[in-house]
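# Fold and contact review
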Protein chains: 2
Amino acid sequence: MFKRAAFAVSLAALLASTAVAQQQPPAPSPAQILAAAPKAHWRAVDPDRTLYMDLDRGRVIIELSPAFAPNHLENLKTLVKERYFDGLSIIRSQDNYVVQWGDPEEGEAEAKSIGSAKPALPAEFTRKSADGVVWTAIPDRDSYAEQVGVADGFPAARDPKTGETWLVHCYGTVAVARGTGADTGSGVQLYAVNGHAPRHLDRNMTVIGRVLVGMDILASLPRGSGAMGFYSMEGQRTPISRVRFASELPEAQRIPLEALRTDNETFSKLTELRRNRKDAFFQVPAGGIDVCNLNLPIKGG
Amino acid sequence: MFKRAAFAVSLAALLASTAVAQQQPPAPSPAQILAAAPKAHWRAVDPDRTLYMDLDRGRVIIELSPAFAPNHLENLKTLVKERYFDGLSIIRSQDNYVVQWGDPEEGEAEAKSIGSAKPALPAEFTRKSADGVVWTAIPDRDSYAEQVGVADGFPAARDPKTGETWLVHCYGTVAVARGTGADTGSGVQLYAVNGHAPRHLDRNMTVIGRVLVGMDILASLPRGSGAMGFYSMEGQRTPISRVRFASELPEAQRIPLEALRTDNETFSKLTELRRNRKDAFFQVPAGGIDVCNLNLPIKGG
């Protein structure tokens, strides 16, 4: 896996064939598990809550959550439909923390009117329960929450005593930047996690979705040299050419993505295989998994 | 913290001064805790186990572990002193996984003799105990290990039943690439974690150290377009101009770094403050911390 991959693969194949000879079928690989998944285990990613953010380096595709951040999603729809983000830029890239974009810092020339969007919204940090959400718990320990799992396809946590449920900060999680007050965010600045999960932000920020495609583009941006990774020098910011909902584009121009549902055997098999890898490379199975290391597969595009 | 930082800071200062007026001293900030740390809470980073890897984008500084990977460290010393890495390159950048460098893939023209270094070493995945190591446990739950903490300044885990102790894969962790067999690594290829901690690699790889400075350089490298993020196209690889131990350079050219020791109150206060942030931005304290989110401060340079 790490060195001389071709050798590793052929040895694994050899071991697999030995296993067959001993009448122990080899454990299926993640690719085989996914290939065998029935159609019903996948869901189409809804174009009405899929954002395309176009940069000169490529397109970033974000799935948004209507169940956890309905008001922020509505406001974001207004902002996008009134072309608020077009011509703005990535304003921050802090190593092992977040990449942030949208509203320029106060007093800057690029500042734009937010049009008919709301300038601030009540926080949507958590949801009272997982009712109405596809909630799939995993049994593994977590450093931050009593229970973790996946909610509507997003990494999430839940308090089993109260039922309170929230989306968590993992690599690729997208959330709403805000000021000191909980109710000061609007969606004019968003951020995506570009490093190890900053889980202390959970229940303190309105998480609105996750990056499905193009996180490599955001994560490889040069880090900003200002405080907290803000770009402080002329020409460092990456311009955003346009942000659109997929549903705004003609159907032929949309990227038809499907996401694996989590309420089925395909997902539980994949997760178990990730918890305890079976290929010859691994000497010691992990025996557990961090919610931010779950495999949440996407296909198409 | 996230938006209009200046405002956030001034509000925090206002709240702090209110607290003073009410005769409740404000909680010290991490910077204040560090500034108050006595000299004995810091240790000089040993130049004999500090690597400088020079790229055109800048210098990456890595601290190596003599306690967990003594044989790999010896072999790496031979490789570095015989200039094995000079002129080789970064060969892999896989998003949210690892950046890897050194030995080109088999059959490539850049391949170099390993000189008097050993071509393969017995695995150093774990250590029988934490004896002889500065081991600082934290009480927090972990998805992968029964106990986690810091060993000699590196994020680590321990099995309290057997005493077995190992360094863990966090953002910036440096380890030895290998083939399928456990005993096939030598140090000719090393990797650093560039995303969310791939903790399933713990106890399966020889972890040799961590990046103290310059992880931003490695993490912002463009991702490789080949399988597993290997660079498959001409000109994509970043050349390594030279790799040296700090102790090989004249003293005036060394970067004198100090690392906070973890067996003291400064570290425990810092960790507690990270577990439960006190500034006005946070509505809900996390109440716990992931071993890969610990603050392991470095100063100097």
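As a reminder, the structure under discussion sits directly above these lines.
Report follows, based on the coordinates. (Residues numbered from 1 in each chain as written. Chains lettered and ligands numbered in written order. Predicted model: local features only at pLDDT ≥ 70, side-chain atom pairs only at ≥ 80, totals over all residues. Heavy atoms only, no water.)

### Quick word on the pairing of strand β3 (residues 58-64) of chain A
Residues and elements named next belong to chain A. Of all seven residues in β3, five are buried; the element is thus mostly enclosed. Relative to β3, strand β2 (residues 50-55) is paired through six bridges, and the arrangement is antiparallel. Bridging from a neighbouring strand, Leu51 pairs with Ile62 of β3. With antiparallel pairing between neighbouring strands as the criterion, β2 and β3 make up a hairpin whose turn holds two residues. Strand direction decides the pairing type here: β3 and strand β12 (residues 206-213), joined by four bridges, are antiparallel. Its bridge partner lying in β12, Ile62 is registered against Val211. (Buried < 20%, exposed > 50% of the residue type's maximum accessible area, 1.4 Å probe, protein only. Helix = DSSP H or I, 4+ residues; strand = E, 2+ residues; numbered from the N terminus. Pairing = 2+ DSSP bridges.)

### Quick notes on the relation of the copies chain A and chain B
Of the transformation superimposing chain A on chain B, the axial component is 0.0 Å and the angular component is 180°, with the fit at an RMSD of 0.0 Å. In the structure described here, the two chain copies are related by an operation that fits a two-fold rotation axis. (Least-squares fit on C-alpha atoms with pLDDT ≥ 70 in both.)

### Quick look at the environment of B:Ala117
All names here are of chain B. Positionally, Ala117 belongs in the loop between β5 (98-102) and β6 (135-138). Sequence-wise, Ala117 and Asn75 are 42 residues apart; in three dimensions their C-alpha atoms are separated by 5.6 Å. The residues touching Ala117, leaving out its near neighbours within four places in the chain, are Asn75, Thr78, Leu79 and Glu82. (Contact = heavy atoms within 4.5 Å.)

### Section: the sheet that holds strand β14 (residues 257-260) of chain B
All names here are of chain B. Taken in spatial order, the three strands line up as β1-β14-β15 in an open sheet, and their pairing is antiparallel. Each end of this open sheet is capped by a strand with a single partner; those strands are β1 (42-44) and β15 (298-300). Strand-to-strand, the axes of this sheet are offset by a mean angle of 35°, without reference to chain direction. Sheet topology places β14 next to β15; three bridges connect them, and they run antiparallel. Counted as the bridge partner of Glu258 is Lys299 from β15. (Axes fitted to C-alpha atoms, helices over the stretch in contact; angles between N-to-C directions.)

### Describing the pairing of strand β5 (residues 98-102) of chain A
Residues and elements named next belong to chain A. Most of β5 is tucked away: five of the five residues are buried. Both faces of β5 are covered, namely the face carrying Val98, Gln100 and Gly102 and the face carrying Val99 and Trp101. As paired strands, strand β4 (residues 89-93) and β5 are joined by four bridges and run antiparallel to one another. Of the residues in β5, the one forming a bridge with Ser93 is Val99. If you look at the hairpin formed by β4 and β5, you'll find four residues sitting between the two strands, and Asn96 has a positive phi there, around 55°.

### Examining helix α3 (residues 70-81) of chain B
All names here are of chain B. Compared with an ideal rise of 1.5 Å per residue, which puts 12 residues at 16 Å, α3 spans 16 Å between its outermost C-alpha atoms and is within 8% of the ideal. Buried residues of α3: His72, Leu73, Asn75, Leu76, Lys77, Leu79 and Val80, and no others. Considering only its buried residues, α3 is in contact with β2 (50-55), β3 (58-64), β10 (173-176), β11 (189-193), β12 (206-213) and β13 (238-245). Where α3 ends, the next residue or the one after it, Arg83, has phi of about 65°, a positive value. (Expected span 1.5 Å × (residues − 1).)

### A closer look at the pattern of salt bridges
Residue and element names in this part refer to chain A. A complete count under the given rule lists 30 salt bridges over all chains for this structure. For Arg49, the salt bridge identified is with Glu63, shortest N-O distance 3.0 Å. Taken together, the residues span a long stretch of sequence, with Arg49 in the loop between β1 (42-44) and β2 and Glu63 in strand β3 at a distance of 14 residues. Under the relative-accessibility criterion, Arg49 is labelled buried at 15%. Residue classification places Glu63 among the buried residues on the basis of a relative accessible area of 0%. Between Asp86 and Arg244 there is a salt bridge; the shortest N-O distance is 2.7 Å. (Salt bridge = Lys/Arg side-chain N within 4 Å of Asp/Glu carboxyl O.)

### So, unusual backbone geometry
What is expected of a backbone is that most residues other than glycine have negative phi and most peptide bonds are trans. The phi angle at A:Arg83 is positive, at roughly 65°, despite the residue not being glycine. With a relative accessible area of 30%, A:Arg83 lands in the partly exposed category. Phi is positive for B:Met228, close to 55°, though the residue is something other than glycine. Positionally, B:Met228 belongs in the loop between α4 (215-219) and β13. Under the relative-accessibility criterion, B:Met228 is labelled partly exposed at 28%.

### Focus on the packing of aromatic side chains
Each aromatic ring pair is described using two quantities: the centre-to-centre distance and the angle formed by the ring planes. All names here are of chain A. Applying the stated criterion across every chain yields a total of four aromatic pairs over all chains. Their ring planes at 80° and their centres at 5.2 Å tell us that Tyr84 and Phe85 sit as a pair that is edge-to-face. The pair formed by Tyr84 and Phe85 is uniform in burial state, with each residue classed as buried. Here the basic side chain of Arg203 rests over the ring of Trp166, its NZ or CZ set 4.7 Å away from the ring centre. The positively charged end of Lys299 is found above the aromatic ring belonging to Trp42, 4.3 Å away from the centroid. (Phe/Tyr/Trp six-rings, centres within 6.5 Å; stacked < 30°, edge-to-face > 60°. Lys NZ or Arg CZ within 6 Å of the ring centre and 35° of its normal.)

Nothing here speaks to function; it is geometry throughout.
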